[in-house]
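Descriptive analysis of the structure
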Amino acid sequence: QLQLVESGGGLVQPGGSLRLSCAASGFTLDYYAIGWFRQAPGKEREGVSCITSGGSTIYADSVKGRFTISRDNAKNTVYLQMNSLKPEDTAVYYCAVETYGSSCVALNYYGMDYFGKGTLVTVSS
């Protein structure tokens, strides 16, 4: 059974850091593109970052230079290192898998095949 489980969210002060994890089971994630998406209260879900099966990485302009996506194939886990966090980064963060297509590299959540349940990140003093 395919499953994605996010963890690592929490409350952090502005300027702080968090590392989110996305653990996969039921499939080998390095065969697919894995994306991170987020949804703030009252807003539409938006793309944050994507890592392709070939290891290419894509970032939204709003997080470029602050967030880093990476993958540990041995642990079947994708990470999102978030530095210099801002209050506007507050959201529920989801990881998602795309089995075929180009939605991940376009940071378009519509075409992603399966989402985890999310982890809440709150940036506040």
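Residues numbered from 1 in each chain as written. Predicted model: local features only at pLDDT ≥ 70, side-chain atom pairs only at ≥ 80, totals over all residues. Heavy atoms only, no water.

**Examining the overall build of the chain**
- A count of helical and extended segments in the chain gives zero helices and 11 strands.
- Along the chain, helices and strands appear, N-terminal first, in the series β-β-β-β-β-β-β-β-β-β-β.
- At 13 Å, the chain has a C-alpha radius of gyration in line with the 14 Å of a compact globule built from 125 residues.
- Counting only C-alpha atoms, the chain reaches 40 × 25 × 25 Å along its principal axes.
- Within the span of the chain, comprising 125 residues, buried residues form 45% of the whole.
- Looking at the chain alone, contacts between residues at least 24 apart form 58% of all its contacts between residues at least 6 apart.
- In the form shown here, the chain has an accessible surface area of approximately 6300 Å², with 47% of it arising from carbon and sulfur atoms. (Helix = DSSP H or I, 4+ residues; strand = E, 2+ residues; numbered from the N terminus. Rg over C-alpha atoms; globule rule 2.2 N^0.38 Å. Buried < 20%, exposed > 50% of the residue type's maximum accessible area, 1.4 Å probe, protein only. Contact = heavy atoms within 4.5 Å. Areas by Shrake-Rupley, 256 points an atom, 1.4 Å probe, with all protein chains shown as cover.)

**Remarks on the nonpolar core**
- Counting 38 residues, the largest nonpolar core has W36, F67, V78, L80, M82 and Y93 as the members making the most contacts within it.
- Going through the elements one at a time, β3 (18-25), β4 (33-39), β5 (46-51), β7 (67-72), β8 (77-82), β9 (91-98) and β11 (119-123) are the ones with two or more residues in this core.
- Among the elements that make up this core, the one with the highest residue count is β9 (six residues). (Core = buried A, V, L, I, M, F, W, Y, C linked by side-chain atoms within 4.5 Å.)

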